Structures are given as C-alpha cells and as structure tokens.
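Chain and residue survey
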Amino acid sequence: MSDPAARREDAAGHAPENAPGNIEYRVAHLHDRLAAEELGELGVRAEVRAGAVVLTGTVPSAQCRETVLRTVHEELAGLTVHTDIVVAETTSPDHAEELS
C-alpha cells in the first residue's frame, strides 16, 4: 500500500505547486524577498485565503508598486493572487486645510 503523502508529490519528489504547504512556503519566500531585496518593503502583507493569495498594503510610489507586483508574479506564478496595494500620496497639498 502506498503512502498518501507520497501521492501528493511528482516523480521528482516535489509537491504540486498548489499544495497548501507549498503555497505557505512560497508566500514566506515572497515576504523574505520583499524585505531583503532592493525594495526593503515591509508595508505589504500576503496571506493565503481560500486557496488564493491576497496582497494588501501601502507603498511609497507607483514604481515601488510595479516592482512589488513583478516580484509577486515571479514568486507566485501559477497561483491565484488578488492585490490591493495602494500608493501613498506623498505630494504636498495644493491648498491650506480649513480648521474650524
């Protein structure tokens, strides 16, 4: 009789890309890359929800957002990913705020 866990691996011994443990591992690796590489981006969270990865957070620029999305695409290729990454408004206001 074969081991059920072994059936979840391919001939090379790798777990399928959408195996729950593998998704968590890939998300953890994504967090490492976002924190350690040129971005140093800690304002983005990635969580596994119902078999998909949900990204949320705020980044300082549109260029940073594009870099995050490119990194996510590289790390999580083949997975369903939903993104809600907002670019922070860093320009100064064009008028004075009225206080009452």
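Residues numbered from 1 in each chain as written. Predicted model: local features only at pLDDT ≥ 70, side-chain atom pairs only at ≥ 80, totals over all residues. Heavy atoms only, no water.

Describing the environment of Ala46
Counting through the fold element by element, Ala46 comes out in strand 1 (residues 44-49). Given the relative accessible area of 11%, Ala46 is considered buried. Along the primary structure Ala46 and Gly57 are separated by 11 residues, whereas in three dimensions their C-alpha atoms are 8.9 Å apart. If we skip the residues at most four places from it in the chain, Ala46 touches Val27, Leu30, His31, Val53, Val54 and Leu55. (Helix = DSSP H or I, 4+ residues; strand = E, 2+ residues; numbered from the N terminus. Buried < 20%, exposed > 50% of the residue type's maximum accessible area, 1.4 Å probe, protein only. Contact = heavy atoms within 4.5 Å.)

Some details on the pattern of salt bridges
Within the structure shown, the criterion is met by 5 salt bridges. Among the salt bridges present, the one from Glu47 reaches Arg49, with a minimum N-O distance of 2.4 Å. A relative accessible area of 47% places Arg49 in the partly exposed class. One salt-bridge network, in which partners are shared between bridges, spans Arg33, Glu74 and Glu75. (Salt bridge = Lys/Arg side-chain N within 4 Å of Asp/Glu carboxyl O.)

A look at the side chain of Arg26
Mapped onto the elements, Arg26 comes out in helix 1 (residues 20-36). Side-chain polar atoms of Arg26 contact the backbone oxygen of Ala77, separated by 2.7 Å. (Polar contact = N/O pair within 3.5 Å; in protein donor to acceptor, adjacent residues only side chain to side chain.)

A look at the sheet that holds strand 3 (residues 81-87)
Spatially, the 3 strands line up as an open sheet ordered 1-2-3, and their pairing is mixed. Of all the strands in the sheet, the pair left with one neighbour each is strand 1 and strand 3. For this sheet the average axis-to-axis angle between neighbouring strands, irrespective of direction, equals 10°. When strand 1 meets strand 2 (residues 52-59), the two strands line up antiparallel, connected through 6 bridges. Among the inter-strand pairings, Val44 is bridged to a residue of strand 2, identified as Gly57. Together, strand 1, strand 2 and strand 3 form the strand contacts of helix 2 (residues 62-75), whose direction differs from that of strand 3 by roughly 165°. (Pairing = 2+ DSSP bridges. Axes fitted to C-alpha atoms, helices over the stretch in contact; angles between N-to-C directions.)

A look at the nonpolar core
In this structure, Leu30, Val44, Val53, Leu55, Val68 and Leu76 are the most contacted members of the largest nonpolar core, which totals 15 residues. Elements with a contribution of two residues or more to this core: helix 1, strand 1, strand 2 and helix 2. Among the elements that line this core, the one with the most residues is helix 1, at 4 residues. With residues up to four places along the chain from it excluded, the contact list for Val44 reads His31, Leu34, Leu55, Thr56, Gly57, Val59, Val68 and Ile85. (Core = buried A, V, L, I, M, F, W, Y, C linked by side-chain atoms within 4.5 Å.)

A closer look at the pairing of strand 3
Bridge analysis of strand 2 against strand 3 gives 7 bridges, and the strand direction is parallel. Pairing of Thr58 across the sheet is with Val86, part of strand 3. Where the polypeptide runs from strand 2 across helix 2 and back to strand 3, its parallel neighbour, the crossover connection is right-handed. (Right-handed = clockwise from strand over helix to strand, strands pointing away.)

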